[in-house]
Amino acid sequence: MSQHKTKSNQEFSIERPIKKSRKEHACCHCHKTIPAKSTYVRTVGVAESYRHYGNDFFSNAWHPACLEDYRGYCRDRLRRQG
């Protein structure tokens, strides 16, 4: 399990590879169905909320290929920012 810090000290996320899902999930990137009994990656974490004085918990399911695609997108955006 890897933990990723973000720009804020109050944000973090953890990735957990799931070997076999018990039910169907929807990929948060492509919005396609992840079938039951297949491999996927679950990301959970806390992000700052500007709506109230607390933090928001998030939990997302990803196809492994979609997560790699999103990581590449983030690396590209950070490289362009400087």
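Whatever comes next refers back to the structure up there.
What comes next concerns the included structure. (Residues numbered from 1 in each chain as written. Predicted model: local features only at pLDDT ≥ 70, side-chain atom pairs only at ≥ 80, totals over all residues. Heavy atoms only, no water.)

Okay, the overall build of the protein chain next. Tallying secondary structure elements over the protein chain gives one helix and six strands in all. Sorting the 82 residues of the protein chain into buried and exposed places 27% on the buried side. The long-range share in the protein chain, meaning contacts at least 24 apart out of those at least 6 apart in sequence, stands at 41%. In the structure as shown, the protein chain presents an accessible area of about 6,600 Å², 51% of it carried by carbon and sulfur atoms. (Helix = DSSP H or I, 4+ residues; strand = E, 2+ residues; numbered from the N terminus. Buried < 20%, exposed > 50% of the residue type's maximum accessible area, 1.4 Å probe, protein only. Contact = heavy atoms within 4.5 Å. Areas by Shrake-Rupley, 256 points an atom, 1.4 Å probe, with all protein chains shown as cover.)

Further remarks concern the packing of aromatic side chains. Summed over the entire model, instances satisfying the criterion amount to two aromatic pairs. Through pairs of rings, three or more aromatic residues link up here, namely W62, Y70 and Y73. (Phe/Tyr/Trp six-rings, centres within 6.5 Å; stacked < 30°, edge-to-face > 60°.)

I18, C27, I34, Y40, V41, A61, W62, C66 and L67 together form the largest nonpolar core, which totals nine residues. Sorting the residues of this core by element identifies β5 (40–48), β6 (55–62) and α1 (64–81) as the ones contributing at least two each. Ignoring sequence-local partners within four residues, the contact set of W62 consists of C27, C28, H29, I34, Y40, V41, T43, L67 and Y70. (Core = buried A, V, L, I, M, F, W, Y, C linked by side-chain atoms within 4.5 Å.)

Applying the stated criterion to the full structure yields three salt bridges. Between E15 and R71 there is a salt bridge, with its nearest N and O atoms 2.3 Å apart. Taken as a pair, E15 in strand β2 (residues 12–18) and R71 in helix α1 lie far apart in primary sequence, 56 residues in all. Taking the relative accessible area as the measure of exposure, E15 reaches 13% and is therefore buried. For D76, the salt bridge is made with R80, and the minimal N-O distance between the two is 3.4 Å. A residue pair is termed a helical-turn pair when its members lie 3 or 4 positions apart in one helix, as D76 and R80 do in helix α1 at four residues. The class for R80 is exposed, based on a relative accessible area of 64%. Shared partners join several salt bridges into a network, and the residues in it are E15, E68 and R71. (Salt bridge = Lys/Arg side-chain N within 4 Å of Asp/Glu carboxyl O.)

Tracing the backbone through its elements, the reader meets V46 in strand β5. In this structure the C-alpha to C-alpha distance between V46 and I14, which are 32 residues apart in sequence, comes to 9.4 Å.

Another point: the side chain of S21. For S21, the location among the structural elements is in the loop between β2 and β3 (25–26). Separated by 3.4 Å, the side chain of S21 and the backbone oxygen of K23 make a polar contact. Beyond its immediate chain neighbours, meaning those up to four positions away, S21 contacts P35, A36, K37, S38 and Y40. (Polar contact = N/O pair within 3.5 Å; in protein donor to acceptor, adjacent residues only side chain to side chain.)

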